[in-house]
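This is what each chain is made of:
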Amino acid sequence: MTTDQRPFHDLSREECLELLQYHSFVGRLGFVLEGRPMVLPVNYLADEDAVVFCTAEGTALGAVGEGHQVVFEVDESHALEHSGWSVVVRGTVSVVTDHAEVEALQRGRLHSWVARAPGRWIRITLEDVTGRRLGGAESDRRQADETEQRHRR
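Residues numbered from 1 in each chain as written. Predicted model: local features only at pLDDT ≥ 70, side-chain atom pairs only at ≥ 80, totals over all residues. Heavy atoms only, no water.

So, about the overall build of the protein chain. Along the backbone of the protein chain there are three helices and nine strands. Its helices and strands taken in sequence order, the protein chain reads β-α-β-β-β-β-β-β-α-β-β-α from the N to the C terminus. Per-residue burial over the protein chain gives 41% buried out of 153 residues. For the protein chain, contacts bridging at least 24 residues in sequence account for 71% of all contacts bridging at least 6. (Helix = DSSP H or I, 4+ residues; strand = E, 2+ residues; numbered from the N terminus. Buried < 20%, exposed > 50% of the residue type's maximum accessible area, 1.4 Å probe, protein only. Contact = heavy atoms within 4.5 Å.)

For the rest of this paragraph, the subject is the pattern of salt bridges. A full pass over the atoms with the stated rule returns five salt bridges. In this structure, Arg-120 and Glu-57 form a salt bridge, with 3.3 Å as the shortest nitrogen-oxygen distance. Note that Arg-120 is positioned in strand 8 (residues 120-125) and Glu-57 in the loop between strand 5 (50-55) and strand 6 (69-78), a separation of 63 residues in sequence. A residue is classified by how much of its surface remains accessible, and Arg-120, at 14% relative accessible area, is buried. The partner of Arg-123 in a salt bridge is Glu-101, and the shortest N-O contact between them spans 1.9 Å. Placement of Arg-123 in strand 8 and of Glu-101 in helix 2 (residues 99-107) is noted, with a sequence separation of 22 residues between them. (Salt bridge = Lys/Arg side-chain N within 4 Å of Asp/Glu carboxyl O.)

A large share of strand 5 lies buried, amounting to six of its six residues. Of the two faces of strand 5, the one carrying Ala-50, Val-52 and Cys-54 and the one carrying Val-51, Phe-53 and Thr-55 are both buried. In textbook terms, the turn of a hairpin is the stretch between consecutive antiparallel strands, and for strand 4 (residues 45-46) and strand 5 this stretch comprises three residues. Sheet analysis places strand 5 next to strand 8, joined by six bridges and oriented antiparallel. Along strand 8, the bridge assignment pairs Ala-50 with Thr-125. (Pairing = 2+ DSSP bridges.)

Estimated volume of the second largest pocket: approximately 150 Å³. Mapped by element, the contributors of at least two residues to the lining of the second largest pocket are strand 4, strand 5 and helix 2. A class-by-class count of the residues in the lining of the second largest pocket yields five nonpolar, no polar and three charged. (1 Å grid on protein atoms, 1.4 Å probe; cavity = no way out; pocket = protein on both sides within 12 Å on 5 of 7 lines; lining within 4 Å. Points joined across faces, edges and corners; volume = space filled by probe spheres on them. Nonpolar A, V, L, I, M, F, W, Y, C, P; charged D, E, K, R; others polar.)

This paragraph deals with the environment of Val-95. Relative to the helices and strands, Val-95 resides in strand 7 (residues 83-95). Residue Val-95 is classed as buried on the basis of its relative accessible area of 18%. Expressed as a C-alpha distance, the spacing of Val-95 and Trp-121, which sit 26 residues apart in the sequence, is 6.0 Å. Beyond its immediate chain neighbours, meaning those up to four positions away, Val-95 contacts Glu-66, Arg-120, Trp-121 and Ile-122.

Listed below in structure tokens is the structure:
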């Protein structure tokens, strides 16, 4: 019987939030458009409660509306090490309409790679956050080192 040297490890919510907030900047949004599943990449920001991104009216992402249930995924892989991680968020969409909040988002560090101003700001609540990591001790050490360096800044 062979033992797996690189098992999957479930990540805690805190570990998932760390990866979501500080180790990825492009994720994939899964939603239903005209009765069919769709997955599209978006650049985003995240905090303890939500993922936020900007899109333009008239686009597929612009069709994501208030109250829609969506899934959002980020990951990283290291092919040579056969390691990586994945975080999946399930949540509900709300369109940011508060004028002061929209202005704050527009002044912030997130700028859509596609949408032109003024854009449409979308928030996804973090209702269900799960993740897992594949890899051995070296992958875990590298992740810990990256986190420590980020906290020193």
